[in-house]
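Fold and geometry: a report
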Amino acid sequence: VQLQASGGGLVQAGGSLRLRCAASRAILSVFSPLDMGWYRQAPGKQRELDALITASGVINYADSVKGRFTISRDNSRKTVTLQMNNLKPDDTATYYCNSKRGLTESWGQGTLVTVSS
């Protein structure tokens, strides 16, 4: 599955951004069974999971983003969205969307989020 992430940018602390991940070439029967996640990777750090939404709609968040980030999916559009509110300078990172089904996973190209203090 090819994933395209978009929506990153520069924002002041306390601001909001909405990231979007599109599986543009996938057909619905391919996209719907995928577990979709948003990960972040800050410079010099490992990639870590921020939010996950499974094929059945179960959602999990990292503790650091609970109450601030919201993940959602639209299977008809084959997209996953991460609404990020009350952004903090520590949220500065490259954000990647990920799809997973069984042992097969794919990554988008990443979108940079920079939060200024």
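Parameters and conventions
Residues numbered from 1 in each chain as written. Predicted model: local features only at pLDDT ≥ 70, side-chain atom pairs only at ≥ 80, totals over all residues. Heavy atoms only, no water. Disulfide = S-S within 2.5 Å. Helix = DSSP H or I, 4+ residues; strand = E, 2+ residues; numbered from the N terminus. Buried < 20%, exposed > 50% of the residue type's maximum accessible area, 1.4 Å probe, protein only. Core = buried A, V, L, I, M, F, W, Y, C linked by side-chain atoms within 4.5 Å. Contact = heavy atoms within 4.5 Å. Pairing = 2+ DSSP bridges. Axes fitted to C-alpha atoms, helices over the stretch in contact; angles between N-to-C directions.

1. Section: the state of the cysteines
Going through the model one piece at a time under the given rule, you end up with one disulfide. Two residues, Cys-21 and Cys-97, share a disulfide whose sulfurs are 2.2 Å apart. The S-S bond linking Cys-21 to Cys-97 shows a torsion near 60°; that makes this disulfide right-handed. Here Cys-21 is found in strand β3 (residues 17-22), whereas its partner Cys-97 is found in strand β9 (residues 93-101), with 76 residues between them in sequence. For Cys-97, a relative accessible area of 1% puts it in the buried group.

2. Some thoughts on unusual backbone geometry
If you check the backbone angles, Lys-78 has positive phi at about 60° while not being a glycine. We note that Asn-86 has phi near 50°; this positive angle belongs to a residue other than glycine. On the basis of relative accessible area, Asn-86 is assigned to the partly exposed category, the value being 43%.

3. Details of the nonpolar core
One recurring pattern in soluble globular proteins is that nonpolar side chains are buried together. Counting 27 residues, the largest nonpolar core has Met-36, Trp-38, Val-80, Leu-82, Met-84 and Tyr-95 as its most contacted members. Once residues lying within four places of it in the same chain are set aside, the contact partners of Tyr-95 are Leu-19, Trp-38, Tyr-39, Arg-40, Asp-50, Phe-69, Leu-82, Met-84, Gly-110, Thr-111 and Val-113.

4. Looking at the sheet that holds strand β8 (residues 79-84)
The strand order β1-β3-β8-β7 describes an open sheet built from four strands, whose pairing is antiparallel. Edge positions in the sheet fall to β1 (4-6) and β7 (69-74), since each of these pairs with one other strand and no more. Strand-to-strand, the axes of this sheet are offset by a mean angle of 15°, without reference to chain direction. Pairing between β1 and β3: three bridges, direction antiparallel. Bridge pairing links Ala-5 to Cys-21 in β3.

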